[in-house]
Amino acid sequence: MNYAIVTFGCQMNLHESEKIAGILRSVGYEKEVAPEEADIIVFNTCCIRENAENHAFGNIGALKKLKRQKKGLIIAVGGCMAQEPGKAQVLKEKFPFIDIIFGTHNIFELASLIERKKSEKRVISLYEDRLETEDGAPACRTSYPNAWVNITYGCNNFCTYCIVPYVRGRERSRSADVIVEECRALIAEGYKEITLLGQNVNSYRDGDVDFPELLDRVAAIEGKFRLRFMTSHPKDFSERLVAVMKKHDKILNLLHLPAQSGSSRILKLMNRRYTREEYLAKVALLKREIPEAEITTDLIVSFPTETEEEFGETLSLVREADFSSAFTFVYSPRTGTAAAKMEGQIPEEVSKDRITRLVAAVNENTRRKSEKYVGREIEVLCEDFDEKRGLYLGREPLGRMGYFASENNCVGEFVRMKVTRANGVSLYGEKI
Ligand code: SAH
Ligand code: SF4
Ligand code: F3S
């Protein structure tokens, strides 16, 4: 008996799919295979934007025929879309062939839901919220040499465009001791990079331990490894955090600091709780203390009522904050969020034009910054072999992807390479 997991969405979901894999293995599923060959297919869905949902709908719908042909095949749908208010009902009606629906709060229950499916036609189990932070789901990790480690779950920020607080529940922090122990064990097992995960890592708190303190403790674990964290909410990004980043070489000088918009009026409507000037002050603080630090970001165009001039402020932020790369999105109204009810939704043609110009500005900045790498020596942590290019790939400490040829398999090794060519965030070169 084998399994397939189809994952949509963010790192949080990627890691939760590793937990789902762990649970499936614990109940006798042997290995991960392509969906056509699997005995159980689990969809781990995302609902952050409409296209993420359509993607999931399309993928699930495509299985109708397979389900009819293959007796005993179990199809389970979990993740943020399943948890979205009212969506389980939609899934149930639209796809009568789904066997199990579960939410973001009860992944740990999956084994018992599979057991129940043996005697019930269809199993649906959703929890409204859950405050426990340990679920005992044994992760079957697939991202070596990186290991994802949750530090917080949920979000309390209620940015007006965002569905996450509704599908992930209230913010809660895991115990610092448990996190540090998990990281220690991962390093001992041979992982070379740890990424601490939370919707807003900066609001982590366990008693007296806040995020800078936790980061300091994890960085103090012995061994050669890289330490990253995401995501940082600009309103909580602090001088103390910068001091800890500066103190430890292991902590990458790479900060994902979503700005969302360059306009203070739009930021206010988004309920982000910082202005353009405050955002730029945080960037300046980081660069003053760690001049080589790089910042990546998320940007949204066409939030309701955004004018051409305000969009221009997002465009100019790209250069001013000197982002090394950015995820760029067109605002997508999400039912139940405050912004979905706002007047002044922006027409599609305007959004298309804005996103095209923003992507061009980001690419131009990325290109300009990457070109400086040509001729330099960098150290990458080799992650994988790219079949298409016939090259190994790995990230340098500031987030760019380095590609190089190698006779031997060097996945999981730190490799020094000389950069000969840059293309966007990708650097090509020779192993030294
Ligand atoms: N917790 C993280 C982000 C989680 S969602 C943070 O606060 O930064 C990832 C990104 O998706 C967000 O940063 C935002 O840029 C984008 N996003 C969220 N909701 C969106 C929506 N309704 N439309 C378009 N983009 C959205
Ligand atoms: Fe969404 Fe804002 Fe929470 Fe990030 S901080 S998950 S954007 S509500
Ligand atoms: Fe992540 Fe999508 Fe859920 S971005 S938290 S998987 S809505």
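Here, the structure is the one placed above.
Residues take numbers from 1 onward in each chain, read along the sequence in its written order. Ligands are numbered from 1 and chains lettered from A, in the order in which they are written. Given that this is a predicted model, residues contribute local features only at a pLDDT of at least 70 and side-chain atom pairs are listed and counted only at 80 or more, while totals for whole chains, interfaces and linings are drawn from all residues. The side-chain figures draw on all heavy atoms in the structure; neither hydrogens nor water molecules are used.

1. Some remarks on the site of ligand 1
Link 1 in the chain: For this description, a residue counts as near a given molecule or strand if any of its non-hydrogen atoms is within 4 Å of it. The environment of ligand 1 is formed by 15 residues, the closest being Tyr-161, Gln-199, Gln-260, Asp-298 and Ser-332.
Link 2 in the chain: For ligand 1, an oxygen atom lies 2.6 Å from a polar atom in the side chain of Asp-298.
Link 3 in the chain: Contact with the protein chains removes 89% of the 540 Å² of surface that ligand 1 exposes when unbound.
Link 4 in the chain: According to the grid-proximity analysis, the pocket containing ligand 1 is the largest pocket.
Link 5 in the chain: Secondary structure is summarised from DSSP: a helix means a run of H or I of at least four residues, a strand means a run of E of at least two, and numbering begins at the N terminus for each. Every element with two or more residues in the shell around ligand 1 is listed here: strand S14 (294–301) and strand S15 (325–330).
Link 6 in the chain: For the shell around ligand 1, the residue count by class is seven nonpolar, four polar and four charged.
Link 7 in the chain: Each domain's extent is set by a domain assignment, obtained either automatically or from a database. Lining the shell around ligand 1 are residues from two domains, each supplying at least three of them: domain 2 (143–252) and domain 3 (253–371). Here a polar contact is taken to be a pair of N or O atoms separated by no more than 3.5 Å, where protein atoms must pair a possible hydrogen donor with a possible acceptor and residues adjacent in sequence count only if both atoms sit in side chains. Under the convention used here, a 1.4 Å probe and the Shrake-Rupley method define accessible areas, while residue burial counts only the protein chains that appear. Cavities and pockets are found on a 1 Å grid laid over the protein atoms alone: a cavity is a set of points where a 1.4 Å probe fits but cannot escape, a pocket is an open set with protein on both sides within 12 Å along at least five of seven lines, and a lining residue has an atom within 4 Å of such a point. Being in a pocket or cavity means that more than half of the molecule's atoms lie within 2 Å of its grid points. Think of it as three bins: nonpolar holds Ala, Val, Leu, Ile, Met, Phe, Trp, Tyr, Cys and Pro, charged holds Asp, Glu, Lys and Arg, and polar takes everything else, Gly as well.

2. A look at helix H14 (residues 348–371)
For the α-helix, the turn length of 3.6 residues means that residues three or four positions removed from each other point alike.
Link 1 in the chain: One fewer than the residue count of a helix, multiplied by 1.5 Å, yields its expected span. Between the first and last C-alpha of H14 there are 34 Å, a value that for 24 residues agrees with the 34 Å anticipated at 1.5 Å per step.
Link 2 in the chain: Taken together, the buried residues of H14 touch helix H12 (276–289), S14, helix H13 (308–320), S15, strand S19 (414–423) and strand S20 (426–431). In what follows, residue pairs with any heavy atoms lying within 4.5 Å of each other are defined as contacts.

3. As for the site of ligand 3
Link 1 in the chain: If you check the shell around ligand 3, you find Gly-9, Cys-10, Asn-13, Cys-46, Cys-47, Ile-48, Cys-80, Arg-168 and Gln-199 and nothing else.
Link 2 in the chain: Counting atoms within 2 Å of the grid points, the majority share of ligand 3 lands in the largest pocket.
Link 3 in the chain: Here the shell around ligand 3 is composed, by residue class, of five nonpolar, three polar and one charged.

4. A word on the layout of surface pockets
Where empty space is left can be seen by rolling a probe of water-molecule size over the atoms.
Link 1 in the chain: Of the voids in this model, the largest pocket is the one considered here, and its volume is about 1,000 Å³.
Link 2 in the chain: Every residue lining the largest pocket is counted, 43 residues in all, and those nearest its centre are Cys-10, Ile-48, Arg-49, Gln-199 and Asp-298.
Link 3 in the chain: Going through the elements one at a time, helix H1 (11–26), helix H7 (164–168), S14 and S15 are the ones with two or more residues in the lining of the largest pocket.
Link 4 in the chain: Put simply, the second largest pocket is a space of about 810 Å³.
Link 5 in the chain: Residue lining of the second largest pocket: 31 residues in total, with Gln-11, Arg-228, Arg-395, Gly-399 and Met-401 positioned closest to the centre.
Link 6 in the chain: Only H1, strand S6 (146–150), strand S12 (226–230), strand S13 (254–256), S14, S15, strand S16 (377–386) and strand S17 (391–395) provide two or more residues apiece to the lining of the second largest pocket.
Link 7 in the chain: Classifying every residue of the lining of the second largest pocket gives 15 nonpolar, 10 polar and six charged. Grid points are joined across faces, edges and corners, and a volume is the space filled by probe spheres set on the points.

5. Notes on empty space enclosed by the protein
Link 1 in the chain: As enumerated under the stated definition, the model contains one cavity of 30 Å³ or more in all.
Link 2 in the chain: As a volume, the largest cavity reaches approximately 200 Å³.
Link 3 in the chain: Around the largest cavity, the lining comprises 18 residues; the ones closest to its centre are Glu-16, Thr-104, Asp-135, Tyr-153 and Arg-172.
Link 4 in the chain: For the lining of the largest cavity, the leading source of residues is H1, giving three residues.
Link 5 in the chain: Counting contributing residues, the lining of the largest cavity receives three or more from each of domain 1 (3–125) and domain 2 (143–252).

6. Some remarks on the sheet that holds S15
Link 1 in the chain: The pairing criterion for strands is at least two bridges between them, as found by DSSP. Judged by pairing direction, the sheet is parallel, and its three strands sit side by side in the order S13-S14-S15 without closing on themselves. At either end of the open sheet lies a strand with only one pairing partner, and these are S13 and S15. Mean inter-strand twist for the sheet, computed between neighbouring axes without regard to direction, equals 15°.
Link 2 in the chain: Where S14 lies against S15, six bridges are found, and the strand directions are parallel. Bridging across to S15, Ile-300 finds its partner in Phe-329. Axis definition: a line fitted to C-alpha atoms, limited for helices to the stretch in contact. Angles are taken between N-to-C directions and run from 0 to 180 degrees.

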